[in-house]
Amino acid sequence: QVQFVESGGGLVQPGGSLRLSCAASEIIGSINGVGWYRQGPGNKREWVASATSDGINYYADSVKGRFTISRDNAKKTVYLQMNSLEIEDTAVYYCNVDRFPGMGLVPVGSWGQGTQVTVSS
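Each chain carries its own residue numbering, running from 1 in the direction its sequence is written. A pLDDT threshold of at least 70 governs which residues receive local features in this predicted model, and a stricter bar of 80 or more applies before side-chain atom pairs are shown or counted, although totals over entire chains, interfaces and linings include all residues. Only hydrogens and water are removed before side-chain values are computed, so all heavy atoms of the structure are retained for them.

Engineer: Would you mind showing me how to read the sheet that holds strand β7 (residues 67-72) here?
Structural biologist: Neighbouring strands of a sheet are bound in pairs by backbone hydrogen bonds; such pairs are parallel or else antiparallel. At least two bridges found by DSSP between two strands are what make those strands a pair. Numbered from the N terminus, helices here are DSSP runs of H or I no shorter than four residues, and strands are runs of E no shorter than two. The sheet built from four strands is open, its strands ordered β1-β3-β8-β7 with antiparallel pairing. Of all strands in the sheet, those with a lone pairing partner are β1 (4-7) and β7, marking the two edges. Strand after strand, the sheet turns through a mean of 15° between neighbouring axes, direction not considered. Of the pairings in the sheet, the one linking β1 to strand β3 (residues 18-24) comprises four bridges and is antiparallel in character. Within the sheet, the bridge partner assigned to Phe4 lies in β3 and is Ala24. Note on definitions: angles span 0 to 180 degrees between N-to-C directions of axes, and those axes are lines fitted to C-alpha atoms, for helices only across the stretch in contact.

What follows is the structure, encoded as structure tokens:
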């Protein structure tokens, strides 16, 4: 089972940007969907964005137009470029396989440690 290690989080002011990285333990080219998810304080884990192996990207309405997901299969890495960050984006961000890209589902099973994103002035 592929495992992921997330990185790139930090403290940023509202309106700022961050780029998250998600390194996979094995080649991801054969994996159809890889997604980013987040869990804010007191909230359930939610889906943020997904990228398919044929180049289709899906976004939650809350991040559409601000976040961009991309994947580099050769580097076994998935990225999440986050612009115009808002306080409500504060959360721990995770990546995982998305078996149903675009459906907005949160997978069950194992997760990495995630990376903390804090948006605060």
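Engineer: I'm lost on the layout of surface pockets in this one. Help?
Structural biologist: Any empty space left between the atoms is revealed when a probe the size of a water molecule rolls over them. Site definitions follow a grid-based scheme: protein atoms alone, a 1 Å grid, a 1.4 Å probe that fits but cannot get out for cavities, and for pockets an open set with protein on both sides within 12 Å along at least five of seven lines, plus lining residues having an atom within 4 Å of a point. Grid points are joined across faces, edges and corners, and a volume is the space filled by probe spheres set on the points. Its boundaries defined by the atoms lining it, the largest pocket holds a volume of some 200 Å³. Taken together, 14 residues make up the lining of the largest pocket; nearest its centre are Asn96, Val97, Arg99, Pro107 and Val108. When residues are grouped by polarity, Ala, Val, Leu, Ile, Met, Phe, Trp, Tyr, Cys and Pro land in nonpolar, Asp, Glu, Lys and Arg in charged, and all others, Gly among them, in polar. Looking at side-chain class alone, the lining of the largest pocket contains eight nonpolar, four polar and two charged residues.

Engineer: Just checking my understanding: could you explain the state of the cysteines for this structure?
Structural biologist: Should the sulfur atoms of two cysteines be covalently bonded, the bond is a disulfide. Two cysteine sulfur atoms make up a disulfide if the distance between them is within 2.5 Å. Under the defined criterion, the tally for this structure stands at one disulfide. Here Cys22 connects covalently by a disulfide to Cys95, the sulfurs 1.7 Å from one another. Classification of the bridge connecting Cys22 and Cys95 rests on its S-S torsion, roughly 75°, and on that basis the disulfide is right-handed. Taken together, the residues Cys22 in strand β3 and Cys95 in strand β9 (residues 91-97) connect sequence positions 73 residues apart. Residues Cys22 and Cys95 agree in their burial class; the two are buried. Burial classification: accessible surface area is computed with a 1.4 Å probe over protein chains only, and a residue below 20% of its type maximum counts as buried, one above 50% as exposed, and the rest as partly exposed.

Engineer: I keep staring at the pairing of strand β8 (residues 77-82) and nothing clicks. Help me out?
Structural biologist: The side chains of a regular strand alternate, residue by residue, between the two faces of the sheet. Burial analysis of β8 places five of its six residues in the buried class, which makes it a mostly covered element. With six bridges joining them, β3 and β8 adopt antiparallel strand pairing. Residue pairing across strands places Ser21 opposite Tyr79, the latter belonging to β8. As paired elements, β7 and β8 share six bridges and run antiparallel to each other. Looking across to β8, one finds that Arg71 is bridged to Val78. Turn length for the β7-β8 hairpin, with the two strands adjacent in sequence and antiparallel, is four residues, and the turn residue Lys76 shows positive phi of about 55°.

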